[in-house]
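Spelled out from the first residue to the last, the chains are:
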Amino acid sequence: QVQLLESGGGLVQAGGSLRLSCAASGRTFSSYTMGWFRQAPGKEREFVAAIRPSGSNIDYADSVKGRFTISRDNAKNTVYLQMNSLKPEDTAVYSCAADSGIIWNLREHRQYDYWGQGTQVTVSS
C-alpha cells in the first residue's frame with residue numbers, strides 16, 4: 001500500500017555530510033512513524049533513527065547520536081536523515097521504513113510494515 005523511495009546516497013569523504021530523503025506515497029504520511037535503518041555487507045540490519053508522527057519523539061542509535069538528525073516534512077510526505085561528520089563505518093545501504101500504526105519499540109525493524117529499497121552511502125577515508 002505505502003511506497004517509499006530513498007534518495008541522496010553517494011560517495012563522500014570522511015568528515016563530510018550527506019542528506020538522505022525518503023518520499024512516501026499516500027495522504028496519511030503525517031500519521032506514519034518513520035525510521036531509518038542501515039545494513040553493511042556481512043552485517044545485521046542496524047537501527048539508525050526514528051521519528052514519531054508528531055515529530056516530537058525522536059530516537060537515535062548511540063553510534064550516530066550527535067552526528068545525524070532525522071526530520072520530517074509532512075507537507076512533502078518526506079522524511080530526512082541529515083548525516084554529518086561521516087565515518088567509514090557509516091558505509092551501508094540506508095533504508096527508510098514506515099508504519100501507520102502504533103510502534104512501541106522504534107528500534108525493532110519488525111515493527112515497521114513498509115520499506116524502501118535503500119540507497120547506498122559510502123564514506124571513504
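Everything numeric in this text was worked out from a predicted model, so none of it was measured.

1. Points about the overall build of the protein
Then step 1. Looking only at helices and strands, one finds zero helices and 11 strands in the protein.
Then step 2. Going residue by residue from the N terminus, the α and β elements of the protein occur as β-β-β-β-β-β-β-β-β-β-β.
Then step 3. Relative to its length of 125 residues, the protein is compact, with a C-alpha radius of gyration of 13 Å against a globular reference of 14 Å.
Then step 4. Principal-axis analysis of the C-alpha atoms gives the protein an extent of 40 × 25 × 25 Å.
Then step 5. Residues classed as buried in the protein amount to 44% of the 125 residues present.
Then step 6. The contacts of the protein with a sequence gap of at least 6 include a subset with a gap of at least 24, amounting to 58%.
Then step 7. When the accessible area of the protein is evaluated, it comes to approximately 6600 Å², of which 45% is carbon and sulfur surface.
Then step 8. In the protein, which carries 13 positive and 11 negative side-chain charges, the distance between the mean positions of the two groups comes to 4 Å.

2. A few points about the pattern of salt bridges
Then step 1. Throughout the structure, instances matching the rule amount to five salt bridges.
Then step 2. Here Arg38 and Asp90 are joined by a salt bridge, their closest N and O atoms 2.9 Å apart. Taken as a pair, Arg38 in strand 4 (residues 33–39) and Asp90 in the loop between strand 8 (78–83) and strand 9 (92–99) lie far apart in primary sequence, 52 residues in all.
Then step 3. Put simply, Arg67 and Asp90 hold a salt bridge, and the shortest N to O gap is 2.8 Å. Placement of the pair is Arg67 in the loop between strand 6 (58–60) and strand 7 (68–73) and Asp90 in the loop between strand 8 and strand 9, with a sequence separation of 23 residues.

3. Looking at the state of the cysteines
Then step 1. Considering all chains together, one arrives at one disulfide under this definition.
Then step 2. Through a disulfide, Cys22 is tied to Cys96; the S-S separation comes to 1.9 Å. Because the sign of the S-S torsion sets the handedness, a value of about 50° for the bond joining Cys22 and Cys96 places this disulfide among the right-handed ones. With Cys22 in strand 3 (residues 18–24) and Cys96 in strand 9, the pair connects residues that are 74 residues apart, well separated along the chain.

Thresholds, definitions, all that
Residues numbered from 1 in each chain as written. Predicted model: local features only at pLDDT ≥ 70, side-chain atom pairs only at ≥ 80, totals over all residues. Heavy atoms only, no water. Helix = DSSP H or I, 4+ residues; strand = E, 2+ residues; numbered from the N terminus. Rg over C-alpha atoms; globule rule 2.2 N^0.38 Å. Buried < 20%, exposed > 50% of the residue type's maximum accessible area, 1.4 Å probe, protein only. Contact = heavy atoms within 4.5 Å. Areas by Shrake-Rupley, 256 points an atom, 1.4 Å probe, with all protein chains shown as cover. Lys, Arg positive; Asp, Glu negative; His and termini not counted. Charge placed at Lys NZ, Arg CZ, Asp CG, Glu CD. Salt bridge = Lys/Arg side-chain N within 4 Å of Asp/Glu carboxyl O. Disulfide = S-S within 2.5 Å.

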